[in-house]
Amino acid sequence: MEELISPNETGIIMIPDISGFTDFVINTNMFTGKYITENLLKSIIDSNNLSFKVSEIEGDAVLFYKYRKIPSFDDTLAQIVVMYKNFKKELGRLSLELTMEISLSLKIIVHYGSFTQYTIGKFKKLYGATVVEAHQMLKNHMAKFPPYALFSEAFLKANFEQPAQSIIEYDNCDNCIYLAKIGYIHYL
């Protein structure tokens with residue numbers, strides 16, 4: 001049954017993105033690169049324990065989303081850890097199988113806000129400022145190195161009854177950086 005979406009529906013967007021992909025594509029045999037990419041993206045999609053929907057696969061990234069019943073910060077972080085571990089495991093398996101070093105990593109963006117969908121033929125696309133903002137977060141210069149997860153300020157505020165409490169949570173994290181008005185970077 002198709003989910004009915006109102007024009008101002010709020011939800012979560014999660015984008016796992018493979019870092020180092022452009023150099024990888026340029027410097028790797030096309031058939032080998034395609035095989036590696038397929039398997040890495042499959043490992044990410046198969047790790048989807050929170051029942052996110054896949055909007056699209058964008059070359060080196062998966063655009064996941066979920067309306068209503070937004071997962072908690074802790075559940076979202078646990079989901080990210082599973083995705084990263086399975087990605088890393090598959091990367092190791094592929095390196096052994098193909099006897100080559102594969103210099104790829106993962107960064108994951110989590111954002112929250114209003115977005116909707118439109119349909120062209122059999123394709124459904126997400127639409128809204130929240131979608132654009134999530135893609136802009138991928139191009140950040142705040143995170144020093146992958147792998148990491150970047151949680152937007154909007155997602156954090158949606159997950160804590162008292163948003164100021166969220167900042168206290170980061171004080172207990174050794175691998176975290178909090179950036180006012182941007183969000184929280186958690187190095188994996």
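Below: a short report on this structure. (Residues numbered from 1 in each chain as written. Predicted model: local features only at pLDDT ≥ 70, side-chain atom pairs only at ≥ 80, totals over all residues. Heavy atoms only, no water.)

Some words on the overall build of the chain
Broken down by element type, the chain carries six helices and nine strands. Burial status across the chain gives 46% buried among its 188 residues. When contacts within the chain are restricted to residue pairs at least 6 apart in sequence, those whose partners lie at least 24 apart make up 72%. In the structure as shown, the chain presents an accessible area of about 10,500 Å², 56% of it carried by carbon and sulfur atoms. (Helix = DSSP H or I, 4+ residues; strand = E, 2+ residues; numbered from the N terminus. Buried < 20%, exposed > 50% of the residue type's maximum accessible area, 1.4 Å probe, protein only. Contact = heavy atoms within 4.5 Å. Areas by Shrake-Rupley, 256 points an atom, 1.4 Å probe, with all protein chains shown as cover.)

Describing the pattern of salt bridges
All told, the structure shown has seven salt bridges when counted by the stated rule. Glu9 serves as the salt-bridge partner of Arg68, at 3.3 Å between the closest nitrogen and oxygen. One end of the pair, Arg68, is in the loop between strand S3 (62-67) and helix H3 (73-98); the other, Glu9, is in the segment before strand S1 (10-19), with 59 residues separating them in the sequence. Taking the shortest distance from any N to any O, the salt bridge between Arg93 and Glu97 comes out at 2.6 Å. Of this pair, Arg93 and Glu97 both sit in helix H3, four residues apart, which is roughly one turn of the helix. (Salt bridge = Lys/Arg side-chain N within 4 Å of Asp/Glu carboxyl O.)

A look at the side chain of Ser43
In this structure, Ser43 sits in helix H2 (residues 30-46). For Ser43, the side chain forms a polar contact with the main-chain oxygen of Leu40, separated by 2.7 Å. With sequence-adjacent residues up to four places away left out, Ser43 is seen in contact with Asn86, Phe87 and Glu90. (Polar contact = N/O pair within 3.5 Å; in protein donor to acceptor, adjacent residues only side chain to side chain.)

Things to note about the pairing of S3
For a regular strand, the rule is simple: side chains alternate between the two faces of the sheet. With respect to burial, S3 is a largely interior element, six of its six residues being buried. Side chains of S3 alternate between two faces, with Val62, Phe64 and Lys66 and Leu63, Tyr65 and Tyr67 buried alike. Taken together, the four bridges between strand S2 (residues 53-57) and S3 define a ladder with antiparallel strand orientation. When the sheet's bridge partners are listed, Glu56 is paired in S3 with Leu63. In textbook terms, the turn of a hairpin is the stretch between consecutive antiparallel strands, and for S2 and S3 this stretch comprises four residues, one of which, Gly59, has a positive phi near 75°. (Pairing = 2+ DSSP bridges.)

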